[in-house]
Amino acid sequence: KQEVTQIPAALSVPEGENLVLNCSFTDSAIYNLQWFRQDPGKGLTSLLLIQSSQREQTSGRLNASLDKSSGRSTLYIAASQPGDSATYLCASEETSGSRLTFGEGTQLTVNP
Amino acid sequence: NAGVMQNPRHLVRRRGQEARLRCSPMKGHSHVYWYRQLPEEGLKFMVYLQKENIIDESGMPKERFSAEFPKEGPSILRIQQVVRGDSAAYFCASSPLPGLNTEAFFGQGTRLTVV
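What you see is a predicted model; the values in this text were computed from it and never measured.

> An account of the overall build of chain A is needed here, citing residue identities and associated values.
A count of helices and strands for chain A gives 0 helices and 11 strands. Going from N to C terminus, chain A has its helices and strands arranged as β-β-β-β-β-β-β-β-β-β-β. For 112 residues, the compact-globule estimate of 2.2 N^0.38 gives 13 Å, and the C-alpha radius of gyration of chain A, at 13 Å, lies within 12% of that figure. Projecting the C-alpha coordinates of chain A onto the three principal axes gives extents of approximately 40 × 30 × 20 Å. Across the 112 residues of chain A, 44% fall into the buried class. Partitioning the contacts of chain A with sequence separation of at least 6, the portion at a separation of at least 24 is 54%. Total accessible area computed for chain A in this model is approximately 5,100 Å², and 47% of it derives from carbon and sulfur atoms. Placing the 8 positive and 11 negative side-chain charges of chain A at their respective mean positions leaves the two points 3 Å apart.

Have a look at this one:
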């Protein structure tokens, strides 16, 4: 059974700082890994999807990496802004079209 | 493309009543997934459906919960005889055919409160 863990559970940083969010998974036989953002009381917004054959994906100030052999993914946020404050979730998909297994999330606060 | 639409956004039910949550997938998506997020917890998978077919219901509680995705109309998650522990945010996600390795798109969720 796949288990996904995110560290840290909460993170508070000053504006402008670069930061890294960590995600680990127990079963390395994943199909893809996806990072989401969730704002309070809102739904999930997809940020980046990394296919199992890929090592990283980039979108603007976000960069996500994937190391299947070690069961780890990281989300790097450059030059953080207060608007980045949200909960960040990672989720693995074991096979094509199967369920997503989510981590508990990292609650990020970027202070002006 | 309106995205994944869930309604109602908020639902209040008294203990023992029935709750019906609706999800309309994105246009062109034939796969629907339901997830539950209990207070202060992560999202947990409940059920995966295609049109007129339940593919994986391993995350559904054995009693009181059911889901359907009819040929016409939205997917429905039905909770009978609700209890306080059912209070949570219920999210629906949709995707196109498997094998395309595309991201999952989520609705805004239905927040169920049982009083």
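> I'd like a rundown of the nonpolar core, residues and numbers included.
B:W34, B:M46, B:L77 and B:Y90 are the most contacted members of the largest nonpolar core, which has 23 residues in total. Going through the elements one at a time, β3 (19-24), β4 (31-37), β5 (43-50), β7 (65-68), β8 (75-79), β9 (88-95) and β11 (110-114) of chain B are the ones with two or more residues in this core.

> Hey, could you go over the side chain of B:T110 for me, with residue numbers and the actual values?
Residue and element names in this part refer to chain B. Note that T110 resides in strand β11. Side-chain polar atoms of T110 contact the backbone oxygen of P8, separated by 2.5 Å. Apart from the residues within four sequence positions on either side, T110 is in contact with Q6, N7, P8, R9, L11, L21, A88, A89 and Y90.

> Can you break down the sheet that holds strand β7 (residues 62-67) of chain A residue by residue, with the values?
Residues and elements named next belong to chain A. If you walk across this open sheet you meet the 5 strands as β1-β3-β8-β7-β6, and the pairing is antiparallel. Of all strands in the sheet, those with a lone pairing partner are β1 (4-7) and β6 (56-59), marking the two edges. Neighbour-to-neighbour, the strand axes of the sheet open up by a mean angle of 15°, direction not taken into account. Sheet analysis places β7 next to strand β8 (residues 72-77), joined by 6 bridges and oriented antiparallel. Bridge pairing in β8 links L62 to I77.

> Hey, could you go over the environment of A:N22 for me, with residue numbers and the actual values?
Residue and element names in this part refer to chain A. Turning to its location among the elements, N22 is positioned in strand β3 (residues 19-25). Among the residues examined, N22 registers a relative accessible area of 33% and is labelled partly exposed. Not counting chain neighbours up to four residues away, the residues in contact with N22 comprise T5, Q6, I7, W35, S73 and T74.

> Tell me about the state of the cysteines, and please be specific about residues and values.
For the structure shown, the criterion picks out 2 disulfides over all chains. The disulfide that involves A:C23 links it to A:C90, with 2.0 Å between the sulfurs. Taking the sign of the torsion about the S-S bond as the criterion, the disulfide between A:C23 and A:C90, at about 80°, is right-handed. In this pair, A:C23 is assigned in strand β3 and A:C90 in strand β9 (residues 86-93), connecting sequence segments 67 residues apart. The buried category is assigned to A:C90, whose relative accessible area is 0%. In this model, B:C23 is linked to B:C92 through a disulfide, with the two sulfur atoms separated by 1.8 Å. The disulfide joining B:C23 to B:C92 has a torsion of about -50° about its S-S bond and is therefore left-handed. With a gap of 69 residues between them, B:C23 in strand β3 and B:C92 in strand β9 connect regions that are remote in the sequence.

Procedures and definitions
Residues numbered from 1 in each chain as written. Chains lettered and ligands numbered in written order. Predicted model: local features only at pLDDT ≥ 70, side-chain atom pairs only at ≥ 80, totals over all residues. Heavy atoms only, no water. Helix = DSSP H or I, 4+ residues; strand = E, 2+ residues; numbered from the N terminus. Rg over C-alpha atoms; globule rule 2.2 N^0.38 Å. Buried < 20%, exposed > 50% of the residue type's maximum accessible area, 1.4 Å probe, protein only. Contact = heavy atoms within 4.5 Å. Areas by Shrake-Rupley, 256 points an atom, 1.4 Å probe, with all protein chains shown as cover. Lys, Arg positive; Asp, Glu negative; His and termini not counted. Charge placed at Lys NZ, Arg CZ, Asp CG, Glu CD. Core = buried A, V, L, I, M, F, W, Y, C linked by side-chain atoms within 4.5 Å. Polar contact = N/O pair within 3.5 Å; in protein donor to acceptor, adjacent residues only side chain to side chain. Pairing = 2+ DSSP bridges. Axes fitted to C-alpha atoms, helices over the stretch in contact; angles between N-to-C directions. Disulfide = S-S within 2.5 Å.

Everything listed here is a matter of geometry and, on its own, says nothing about what the molecule does.
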